[in-house]
Amino acid sequence: MQAFTTHTGIVAPLDRPNVDTDAIIPKQYLKSIKRSGFGPNAFDDWRYLDEGAPDIDNATRRINPDFVLNQPPYDKSTILLARENFGCGSSREHAVWALTDFGFRAVIAPSFADIFFNNSFKNGLLPIALDASVVDKLFALVEHNSGIEFTVDLQAQTVTAGDESYAFAIDDFKKHCLLNGLDDIGLTLQHAEAIKAYEQNRQQTAPWLFPGK
Amino acid sequence: MAKTLYDKLWDEHVVRTEDDGTALLYIDRHLVHEVTSPQAFEGLRMAGRNPWRGSSILAVPDHNVPTTDRSAGIADPVSRIQVETLDKNCEEFGLTEFDMSDVRQGIVHVIGPEQGATLPGMTVVCGDSHTSTHGAFGALAFGIGTSEVEHVLATQCLLQKKSKNMLVSVDGAVNPGITAKDIVLAIIGEIGTAGGTGYAIEFGGDAIRALSMEGRMTVCNMAIEAGARAGMVAVDATTIEYVKNRPYAPQGEILDRAIEHWQTLHSDAEASFDKVVHLDAASIKPQVTWGTSPEMVIAVDADVPDPAQESDAVKADGMRKALAYMGLEAGTPINQVAVDKVFIGSCTNSRIEDLRAAAEVAKGRKVNNSVKLAMVVPGSGLVKQQAEQEGLDKVFIDAGFEWREPGCSMCLAMNADRLEAGERCASTSNRNFEGRQGQGGRTHLVSPAMAAAAAVSGHFVDVNELMSDQ
């Protein structure tokens, strides 16, 4: 996994609540059996005027000029500023893959849906929850300073935007994994003996959980 | 110390805990489908790993499968490759799969309980957000992403932070004709789509206790639409009766031991919750969503709400966008809104009880001429078989519905079943998001009986009024 230490980049404002994972990556692209190549179809229904499909060349499609990510400089943005309950709905990790493949390294919102939040950390995408009042201010800042860059410092747990710096919270364990780009399967397997011991105990106390054993 | 049901399920499955509270949680049952697993199996292969406990896995293709004649296979080559990839992965790693030709094939959240593969007290995961369904059995069940699917395959565990406890109590009895779907839509309307974020929700109260297992599954299925990864209902006699004698359920002496334990799977009387929400069951009317989020829901006798009345600016803007997408005017009575298509199915509402409820409305009536397509998609091959034994297929076909093969179908339109741009659908599924059932499609979530009522009327209608007009 790509490690995350500090990142500075252009901030794109996506001003609507409850952006769901169907909107981030529509169903027809979930048929892929790969983890890469979803970026051109991130926010597909909003980004293009015609309907896409896995076998259609996106270069031939009609771009929606009103959608923020089609407007320079936001087409080069790497930080997404969003509203509450970002990433709600389906558990599809393809939504995170689409955002990272587009180039995003962080998403700032007042709140995130739980599954999307977890999926982000597995892919080096940092979801940052800030108070709704702070997010309001950031939207205003971006609106008046198109192309403004924010700096995210994971070690310090801060977002620097203009003259202000805002602290954000993160679990120590998630922070550690992200700072070091750790593969958490490898970490968990360091506890293989503990898992085996748990399992053996459960086979005695709850044998119905081990059918076919 | 008094514990909630969630506390009990959590504590029983913790293998170890990090200093910051992140726990390694043991997973008893891993359900797998074709869409969110290929990259996980690929990761496993690349790292030279094997599934930790293959017998915990039950796999089934459901999202991409056709609901029409399957003898020629899947026409869409991309869908076909995904289903074939699941077949190959299961074969390579020696995992149990109900493939497309197996009568037990169906929607993963229908077949798990149907087979007794979902048991009370289990931790159940699947790369699908509607895994919360299985919480109906007093299990801790939640959806995971593909990286977590790989993590469970490789380690039989997940790294998790414990959620907070929420109790949603639906007090008293519902009125006749009010179903589990109406209850859960009313709950989401009350607490909002982010109301359960960060919580595990236990559904309780007389109205929940009175529900069948099918009804409880419908309620827990949509816990995720309230933002909660996990929803659950305490074990009682209804749960145990349902589980007994299913193919994967324990038998004999082990069943007796299991039941003894299952009877402890309820919140202690003194247990405290971080949040408690009460709903008055008698006040719940048949529900219809009007917008593009499940929280945008009203009673069938209400009018489409007006954003001008909403004080929160972000919310009001969201409502305006939803009205524009849905092609609706504020103030329109929802029961005057006409539908183009009707979909009865999905992991929310495709079980035998759902089909019976819809058939009762369809019986002796005809799908309205203005409706282009009304389809019934059973949740599994076994649900389909049972429905056919009861003659429900004939009721639907006589009324002008299409009777299909099992799968996820038009809930998310990954197969050929979909809405065209601008088409309006009465759907028994769980998400009314933009484009969910097809780009530009307009989804209204309702119960099976309400969907059937819309099909025969051509517009939304209170099913109780329709039935009393006989």
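This section reports on the structure supplied with the text. Numbers given to residues run from 1 along each chain, matching the order in which its sequence is written. Just so you know, chain letters begin at A and ligand numbers begin at 1, following the order they were written in. Given that the model is predicted, a residue must reach a pLDDT of at least 70 before its local features are reported, and side-chain atom pairs must reach 80 or more before they are shown or counted; all residues, however, enter totals for whole chains, interfaces and linings. Heavy atoms throughout the structure, all of them, feed into the side-chain values; hydrogens and water do not.

Quick look at the sheet that holds strand S4 (residues 126-129) of chain A
Residue and element names in this part refer to chain A.
- Each pair of strands is called paired provided DSSP finds at least two bridges between the two strands. Secondary structure elements are defined from DSSP: runs of H or I of at least 4 residues count as helices, runs of E of at least 2 residues count as strands, and each element is numbered from the N terminus. A sheet is described by the order of its strands in space; here 7 strands give the open sequence S4-S3-S2-S1-S5-S6-S7, paired in mixed fashion. Unpaired on one side and paired on the other, S4 and strand S7 (164-167) mark the two borders of the sheet. Going across the sheet, the axis of each strand differs from the next one's by a mean of 25°, ignoring polarity.
- As defined by bridge partners, strand S1 (residues 6-14) adjoins strand S2 (residues 79-82) across 4 bridges and the pair is classed as parallel. Paired with Leu 14 across the bridge in S2 is Ala 82.
- Across the sheet, helix H5 (residues 132-144) lies against S1, S2, strand S3 (106-109), strand S5 (149-153), strand S6 (158-161) and S7, angled at about 120° from S2, the strand it touches most. In this analysis an axis means a line fitted to C-alpha atoms, helices contributing only their contacting stretch, and an angle means the value between N-to-C directions, from 0 to 180 degrees. We call two residues contacting when some pair of their heavy atoms lies within 4.5 Å.

Describing the interface of chain B and chain A
- With 76 residues of chain B at the interface, the matching set in chain A holds 59 residues.
- Each partner contributes to the roughly 5800 Å² buried at the junction of chain B and chain A, and carbon and sulfur atoms together form 57% of this total.
- Buried area, as used here, totals the accessible surface that two parts lose on assembly, with accessibility defined by a 1.4 Å probe and the loss added over both. Summed over the three residues of chain B that lose the most area to chain A, namely Gln 39, Trp 52 and Gln 439 of chain B, the buried surface amounts to 12% of that side.
- The term salt bridge refers to a side-chain nitrogen of Lys or Arg lying within 4 Å of a carboxyl oxygen of Asp or Glu. Remark: the boundary between chain B and chain A carries 9 salt bridges.
- Here Asp 22 of chain A ties to Arg 436 of chain B by a salt bridge, and the two come within 2.9 Å at their closest N and O atoms.
- Whenever two N or O atoms come within 3.5 Å, that pair is a polar contact, provided that in protein one can donate a hydrogen and the other can accept it, and provided that, for residues adjacent in sequence, both atoms are side-chain atoms. At the boundary of chain B and chain A, one finds 37 residue pairs in polar contact (both at pLDDT 80 or more).

Considerations on helix H1 (residues 5-13) of chain B
- Remark: exposure states derive from per-residue accessible area (1.4 Å probe, protein chains only) relative to the maximum for the residue type, with buried under 20%, exposed over 50%, and partly exposed in between. Counting buried positions along H1 of chain B gives 7 out of 9 residues, so the element sits mostly inside the fold.
- When H1 of chain B is considered as a whole, its buried residues turn out to be Leu 5, Tyr 6, Asp 7, Lys 8, Leu 9, Trp 10 and His 13 of chain B.

Overview of the pattern of salt bridges
Residues and elements named next belong to chain B.
- Within the structure shown, the criterion is met by 42 salt bridges over all chains.
- Linking Glu 423 and Lys 341 is a salt bridge whose minimum nitrogen-to-oxygen distance equals 2.9 Å. Of the two residues, Glu 423 is situated in the loop between strand S17 (402-403) and strand S18 (424-427) and Lys 341 in strand S15 (residues 341-344); the sequence distance between them amounts to 82 residues.
- Among the residues examined, Lys 341 registers a relative accessible area of 9% and is labelled buried.
- Residue Glu 390 is joined to Arg 356 by a salt bridge in which the shortest nitrogen-to-oxygen separation is 2.7 Å. Placement of Glu 390 in the loop between helix H13 (381-389) and helix H14 (392-399) and of Arg 356 in helix H12 (residues 352-362) is noted, with a sequence separation of 34 residues between them.

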